[in-house]
Amino acid sequence: MSRIGNKAIALPAGVTVDVDSDNGFITVTGKLGSLKHVYSKSLDIKVQDNEIFITRKDETKESNMMHGTIRALVSDMVKGVSEGFSKTLVINGVGYGVTANGEHQISMKLGFSHPVVYKADDDIKLSCPSPTEIKVFGISKSKVGQVAADIRSKKPVEPYHSHGIHYSDEILVHKEGKTGKK
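Just so it is clear, the structure is predicted and the values come from calculations on it, not from any experiment.

> In this structure, what is going on with the sheet that holds strand S2 (residues 16-20)? I would like to understand it.
Within a beta sheet, neighbouring strands are joined by backbone hydrogen bonds and run either parallel or antiparallel to one another. The sheet built from 3 strands is open, its strands ordered S2-S3-S4 with antiparallel pairing. Of all the strands in the sheet, just S2 and strand S4 (34-38) have a single pairing partner and so form its edges. The sheet shows a mean angle of 15° between the axes of neighbouring strands, direction not considered. Two elements, S2 and strand S3 (residues 25-29), share 5 bridges in a ladder whose sense is antiparallel. Residue pairing for S3: Asp20 is matched across the bridge by Phe25.

Structure (structure tokens):
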């Protein structure tokens with residue numbers, strides 16, 4: 001039994017929801033854009049009084065598994081089209097830096113012999129508030145997280161000097177180096 005699936009999702013002003021129960025699609029549209037998702041036909045989605053209710057049609061294993069998952073995904077869709085999602089990455093290292101080349105592309109100096117260029121999709125915006133900071137913004141929570149993870153993988157933080165790319169809220173574990181024999 002899903003407890004999170006039983007909660008109603010409140011719709012903010014300016015957000016509309018279209019449910020196509022025949023094909024199993026839900027489309028959420030807001031001021032920032034539109035998102036579409038396929039849901040299981042063992043669930044029923046209804047919009048009443050500016051709230052979305054998700055219920056199970058039966059008590060099968062599939063509907064029990066998907067009830068809370070679809071509710072969380074639809075809630076993220078509503079938040080994404082109304083507010084959006086963002087992640088902030090920080091670059092540490094001597095000579096390391098980043099510059100923005102438009103809204104969807106950045107160029108990073110990460111200690112290699114060449115600059116590392118990353119180009120995101122059109123629905124993701126990349127900005128550089130400072131030479132060592134990258135901000136990823138978009139309406140899809142999963143795409144924002146994936147782009148941030150892709151950028152982070154270009155130069156992961158090494159544990160001895162903490163050089164590399166990391167999330168702004170990530171706790172870095174610093175290892176002690178060799179101390180030598182005495």
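> Can you help me understand the environment of Ser107 in this one?
Counting through the fold element by element, Ser107 comes out in strand S9 (residues 105-109). Expressed as a C-alpha distance, the spacing of Ser107 and His37, which sit 70 residues apart in the sequence, is 33 Å. Apart from the residues lying within four places of it in its own chain, the contact partners of Ser107 are Gly97, Val98, Thr99, Asn101, Pro115, Val116 and Val117.

> Please explain the pattern of salt bridges as it appears in this structure.
Any two side chains of opposite charge can pair, so long as their charged atoms come close to each other. According to the stated counting rule, one finds 5 salt bridges in the structure shown. Across the pair Lys141 and Asp76 runs a salt bridge, and its minimum N-O distance is 3.9 Å. Residue Lys141 is located in helix H2 (residues 141-152), and its partner Asp76 is located in helix H1 (residues 61-82); the two are separated by 65 residues in the primary sequence. With relative accessibility at 47%, the residue Lys141 sits in the partly exposed group.

> What am I meant to see in the layout of surface pockets here?
With a probe scaled to a water molecule rolled over the atoms, the places where space remains empty come into view. Estimated volume of the largest pocket: approximately 200 Å³. Lining the largest pocket are Leu35, Lys36, His37, Leu73, Asp76, Met77, Phe85, Ile139, Ser140, Lys141 and Ser142. Considered class by class, the residues forming the lining of the largest pocket number 5 nonpolar, 3 polar and 3 charged.

> Even after reading the chapter, I still don't get the side chain of Arg56, so can you show me in this structure?
Mapped onto the fold, Arg56 is located in strand S6 (residues 51-56). Engagement of the side chain of Arg56 in a polar contact is seen with the side chain of Glu59, the distance being 3.4 Å. Among the polar contacts made by the side chain of Arg56, one reaches the side chain of Asn64 at a distance of 3.1 Å.

Criteria and thresholds
- Residues numbered from 1 in each chain as written.
- Predicted model: local features only at pLDDT ≥ 70, side-chain atom pairs only at ≥ 80, totals over all residues.
- Heavy atoms only, no water.
- Pairing = 2+ DSSP bridges.
- Helix = DSSP H or I, 4+ residues; strand = E, 2+ residues; numbered from the N terminus.
- Axes fitted to C-alpha atoms, helices over the stretch in contact; angles between N-to-C directions.
- Contact = heavy atoms within 4.5 Å.
- Salt bridge = Lys/Arg side-chain N within 4 Å of Asp/Glu carboxyl O.
- Buried < 20%, exposed > 50% of the residue type's maximum accessible area, 1.4 Å probe, protein only.
- 1 Å grid on protein atoms, 1.4 Å probe; cavity = no way out; pocket = protein on both sides within 12 Å on 5 of 7 lines; lining within 4 Å.
- Points joined across faces, edges and corners; volume = space filled by probe spheres on them.
- Nonpolar A, V, L, I, M, F, W, Y, C, P; charged D, E, K, R; others polar.
- Polar contact = N/O pair within 3.5 Å; in protein donor to acceptor, adjacent residues only side chain to side chain.

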